[in-house]
Number of protein chains: 2
Amino acid sequence: MDIDLLKELVETKDFKTLRNELIKLDSVDLARLLDEADQDSGLMAFRLLPKDLAMQVFDLLDSYQQLHLLEAFTDSRAKFFFESMQPDDRAELLEEVPAKVARRLLKLLSTSERQATLTLLGYEDNTAGRVMTPDFIDLDYRMTVYQALERIRKLSVEKETVYVAYVMDNERKLLGTINLKDLVLADPDTKLSEIMTPSPRTVFTYTDQEEVARVLKDYQILAVPVVDTENRLVGIVTWDDVVDILEEEATEDIYRFGAVHGSERGYFASRIFSVVRRRVVWLFLLILVNTVTGSIIAGQEELLGEIVILAAFIPLLIGTGGNVGSQSATVVIRGLATGEITPRRAVSIITREGSIGFVLGLVLGVLVLGWAYLLGRSFDVAIVVSATLLGISTIATLTGGSLPFIFRLFKVDPALVSAPFITTVMDIFGVILYFFIANLLLIL
Amino acid sequence: MDIDLLKELVETKDFKTLRNELIKLDSVDLARLLDEADQDSGLMAFRLLPKDLAMQVFDLLDSYQQLHLLEAFTDSRAKFFFESMQPDDRAELLEEVPAKVARRLLKLLSTSERQATLTLLGYEDNTAGRVMTPDFIDLDYRMTVYQALERIRKLSVEKETVYVAYVMDNERKLLGTINLKDLVLADPDTKLSEIMTPSPRTVFTYTDQEEVARVLKDYQILAVPVVDTENRLVGIVTWDDVVDILEEEATEDIYRFGAVHGSERGYFASRIFSVVRRRVVWLFLLILVNTVTGSIIAGQEELLGEIVILAAFIPLLIGTGGNVGSQSATVVIRGLATGEITPRRAVSIITREGSIGFVLGLVLGVLVLGWAYLLGRSFDVAIVVSATLLGISTIATLTGGSLPFIFRLFKVDPALVSAPFITTVMDIFGVILYFFIANLLLIL
C-alpha cells in the first residue's frame, strides 16, 4: 500500500479494497501514509479505520494533519479524538492553530481537561512547563509497597508513564522517586520512604527544555520531575518528549547555522512567501555587510587596473577564509550545544583553533605556491596569494572559534553564528589582508 | 567544589577536605568534574570516592577518562570497574584503545563476559549489533504471569532494562513483548501468550543505528529488539542508547555541513595535527574548485580592465549565491535526516525551492537597485548586479535544494553537501552569470 494506490482507490471509490489494504499496515506506517496524503484522501482513509486503530494513528500524525482532521470532523468526533490526546500534545497543537479554531476545540473539552490544557499553555514556549504532562503517579510517603501497587493498578490506565512513581508529603512536595521495578521487587509491607530514591533531581516549570533534556540524559532517568517555585510537583517530562526535544533542538541549531530563521515545524507546509520572509532578512543584512567588502575592492581600483589578475584570486581567498572559519565555528557551536565544551575553556580552545589555522594556512599556502609554480603562473602574485592564505586561515579559525563564545557571553544563542555570517565577515578580513599584502609586495 | 579547588586540594595534598567536598556532589556532577580534571587530579579524586559511588561515577565518565583510570589502576581494581560496565559500553571503549591495552583489558574479564564483548565487537560500527546489549529478560511463552514475575525478580538485578520482557519460543524466536506494567496489572494465572503484544517491530544486527533510533521514536517503545538473520532475539537497544545515537548523528550532520571530516568523539582531546589532517582535505579540494572561478575571472581581464568597479561586486554576488544555496540545502538535508521529507517528494520540493529563490532574487534585486540609486552609483552596473542577483538566487535554491537528493540517489550521505561546498559551487555559477550579463548589457 503506497500513496499512489491510496489515491487511486479513493478516486475510484473502491472503499472495500482500501479498507482491507489499510488494516494490513501497523499504526506507524498508517500515520506515515496519511501524513503524505492530501487532505481529502487522508480524511477518507482515516474514516475507514476501526476506532481503536484510528486513535493510535491519530496520536502519531503530524500536527498539521491532526488539525486538518479535527477541522473536518463533526463536533462529537472531533471531541473524541481531541480528548484522547495527552494534555501536552494538545497544548502544542493549540498553539499552532488560528485563535478561532483553538476556541472551538477548547469548547469540546470537559472543564477539567480544558483547565489542564490552558495551564500548560500559560507556560512559556520551550520550557519544562510547556512540554510536561500533568499526569503522573503520585504516592503518599506513608504508604506501604502493597498500597502503592494497589494505587498504581487503579490509576495506570490513564497515566502516560507508570515506570516511575513520585512520593510526596502532605503539601505535595516531592520527597523521592520509586521505579516500578523496585516496587515489584520489594516486600509488600515495606514503607515507601524506606525504598525510595530520596531528593531526586528536579527542574522548574520555567527551565529551558534543552536543560530538561540534558538532565534526563545525564541522570539516565525515564522522566524528569517538574516543580513550581514552591517546590510542589506539578508534572513530569517523559523520555519520549525528550527524544523529540533533542531532535527539535538539533534542527534549530542546524537551521541557524544555515542562516534559516525561525522555527522549522511545518516548514514544508508553509507558504512560499512566509518562507521568503524568514530567509530574506539574514540575506539582506549579509548583503549590506558585503558592500563593505565591495567598497574595499573599489578603493583599490588603481592597483587592480594595473594588475587585473589579482581580481581572479579574490573568490579563492575569501572562500577559503569562510570555509576555514565555518569549520572552527562548527566544532565550537556543537561543543557548546552538547556540553562537551564550556565557556571556561574558551581561551584554551581559541588558542588551539588559532594554531590549527596557522598550520592549515601553512599547508594550503605551500600547496598553492607549488601548484602555481607547476602551472608557470606569475610567481610574485602566487607569493601574495600564499601569504594571504596563511594570514586568512589564522584569522578565520580565531574568528570562527571565538564568535560563538562572544555570542554566549552576551546571552545570544551561539548557533546564530551561521556559516553565511562567518563567510561574510571573512570576506571583509580577506580583502583587507589581500590588498595590504599585495600593496606591500607588488608596489613598494 | 570546582576544578580550581580540586587542583588546589590535590596539590596541597589536603585529601581529607577533598574527600568531604567530593561526597557532597552527586554522581553526575562528580563525573563532570573528573572529565574536566587533568589525569593526575582525576585519578586522585576518583580514588577517594566510596566504592558504590565510584562505580556510578565511572559509568558516567567520558570514554577517554575511563581509559586513563583503567590504565592507571592495578589489575584487580581495573577488573572490578571494567567488569561493572555494560557489554555494549565495554565494546565501545575497547574500540577506541590501542590493541595492546585492549588485550590487557580483555584478559581481565571472565570467559563469558569476554565472549559477550567480543561478539559485540564483531558487528560493524554504527549498527544495531554494536550498540545493543545482550542482557534482556527472556520469558518462555508457556509461562504464567506469576512465573514470569518470579523470573524477573530473580534476574532483574543484572539486567539493563526490566521495563520490557521478551516472550520467546523454543528456538529463541521472538513471539511478543510484555511491559512490566502489564505484568503487574494482570491476573497471576494468565498465560503470557494471552497478554503479550504479538509480532513486535524488530531490527537486524546489521541495521544502521540511525534506523534503530527512528524505530524507537516512531513506535514510542522503551527498547528495540534486535534479531539475527534467523530471527532469533540476540539483544535489545534501549532508549538511553538511542538518546546518545540521536545526539551523535546530529553532531555528525552538523560537522559535515560545516565541512569538518570524520567522527567528532574526543575532538577536543585529539592532537592539533590530526585535526588539521581531518580538515585540510576538504579545504584543498574546495581551493581546486575555486581556481575554476579564478580562471573565469582571469578570462575577463579585458572587461575588468575597462570597468574595474565590476570586480567590487564579485564578493557580494557569489556570497549571496552561497548563502541562498546554503539555506535551501540546510532545510532539505535536515528534512531528509529527520524523515520529514522523502526522496519521492524531490521534484515538488526542488520546484518549490526554485520559486522561493526567484522571489528572493526579485526582492534582493529591487532592494539593491533602490539602494544603488540612493547612493548615486553607476546605474547600468547596478542593473547588471540586480539581474545577476535574480538569476543567482534562483540557481542557488535549485542547486542547494537538489544536491542533497542527488547525493542520496547515489547512496552518498546528503549531509556531505556542506555549506562550504555549496558556496564554492555557487562561486562558479555566480561569476559565469555575472560576466555573461555584464558583457550582454555593458558591452553590446
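These figures come from a predicted structure and were not determined experimentally. (Residues numbered from 1 in each chain as written. Chains lettered and ligands numbered in written order. Predicted model: local features only at pLDDT ≥ 70, side-chain atom pairs only at ≥ 80, totals over all residues. Heavy atoms only, no water.)

1. Comments concerning empty space enclosed by the protein
Enumeration over the complete set of coordinates arrives at six cavities of 30 Å³ or more. Of the pockets and cavities examined, the largest cavity occupies roughly 210 Å³. What lines the largest cavity is a set of 20 residues, among which Leu246, Glu247 and Ala250 of chain A together with Leu246 and Ala250 of chain B lie closest to the centre. At the level of elements, helix H15 (209–219), helix H16 (239–257) and helix H20 (314–338) of chain A together with helix H15 (209–219), helix H16 (239–257) and helix H20 (314–338) of chain B are the ones that each hand at least two residues to the lining of the largest cavity. Per-class residue counts for the lining of the largest cavity are seven nonpolar, one polar and twelve charged. Of the pockets and cavities examined, the second largest cavity occupies roughly 60 Å³. If you go around the second largest cavity, the residues you meet are Pro315, Ile318, Gly319, Thr423 and Asp427 of chain A together with Pro315, Ile318, Gly319, Thr423 and Asp427 of chain B. Secondary structure elements with two or more residues in the lining of the second largest cavity: H20 and helix H23 (419–443) of chain A together with H20 and helix H23 (419–443) of chain B. Counted by class, the lining of the second largest cavity contains four nonpolar, four polar and two charged residues. (1 Å grid on protein atoms, 1.4 Å probe; cavity = no way out; pocket = protein on both sides within 12 Å on 5 of 7 lines; lining within 4 Å. Points joined across faces, edges and corners; volume = space filled by probe spheres on them. Helix = DSSP H or I, 4+ residues; strand = E, 2+ residues; numbered from the N terminus. Nonpolar A, V, L, I, M, F, W, Y, C, P; charged D, E, K, R; others polar.)

2. Describing the environment of Glu230 of chain B
Residue and element names in this part refer to chain B. Along the polypeptide, Glu230 turns up in the loop between strand E6 (223–227) and strand E7 (233–238). Residue classification places Glu230 among the partly exposed residues on the basis of a relative accessible area of 48%. Separated by 59 residues in the primary sequence, Glu230 and Glu171 place their C-alpha atoms 9.9 Å from one another. (Buried < 20%, exposed > 50% of the residue type's maximum accessible area, 1.4 Å probe, protein only.)

3. Some details on the domain arrangement of chain A
All names here are of chain A. If you check the domain split of chain A, you get domain 1 (3–131), domain 2 (137–255) and domain 3 (269–443). When each unit is reduced to the centre of its C-alpha atoms, the spacing between domain 1 and domain 2 is 28 Å. Taken residue by residue, the interface counts eight residues in domain 1 and 14 residues in domain 2. Summed over both sides, the interface between domain 1 and domain 2 buries roughly 840 Å², with carbon and sulfur atoms accounting for 48% of that surface. Our count for the domain 1 to domain 2 interface comes out at zero salt bridges. Inspection of the domain 1/domain 2 interface yields five residue pairs in polar contact (both at pLDDT 80 or more). For the side of domain 1 that touches domain 2, the residue count by class is three nonpolar, four polar and one charged. (Domains from an automatic or database assignment. Contact = heavy atoms within 4.5 Å. Buried area = accessible area lost by both parts, 1.4 Å probe. Salt bridge = Lys/Arg side-chain N within 4 Å of Asp/Glu carboxyl O. Polar contact = N/O pair within 3.5 Å; in protein donor to acceptor, adjacent residues only side chain to side chain.)

4. Remarks on helix H5 (residues 51–60) of chain A
Two residues of an α-helix separated by three or four positions point the same way, owing to the 3.6 residues in each turn. Residues and elements named next belong to chain A. Within H5, the full set of buried residues consists of Leu53, Ala54, Val57 and Phe58. Viewed end-on, H5 has its buried residues packed into an arc of 135°, placing them on one side of the element. Contact partners of the buried residues in H5: helix H3 (27–36), helix H4 (39–47), helix H6 (63–72) and helix H7 (75–84). (Arc of directions from axis to C-beta.)

5. Quick look at the sheet that holds E7 of chain B
What holds strands together in a sheet is hydrogen bonding between their backbones, with the strands either parallel or antiparallel. All names here are of chain B. A sheet is described by the order of its strands in space; here three strands give the open sequence E5-E6-E7, paired in mixed fashion. Each edge of the open sheet is held by one strand with a lone partner, namely strand E5 (203–204) and E7. Relative to E6, E5 is paired through two bridges, and the arrangement is parallel. Counterpart to Phe204 in the pairing with E6 is Val227. Along the sheet face, H15 touches E5, E6 and E7 and points at about 130° away from the line of E6. (Pairing = 2+ DSSP bridges. Axes fitted to C-alpha atoms, helices over the stretch in contact; angles between N-to-C directions.)

6. Topic: the interface of chain A and chain B
Interface size, as often reported, equals the accessible area lost upon joining of the parts. With 108 residues of chain A in contact, the opposing surface of chain B contributes 108 residues. Linking chain A to chain B there are 14 salt bridges. Salt-bridge contacts for Lys217 of chain A lead to Glu247 of chain B; the nearest nitrogen and oxygen are separated by 3.3 Å. Joining chain A to chain B, the criterion identifies 23 residue pairs in polar contact (both at pLDDT 80 or more).

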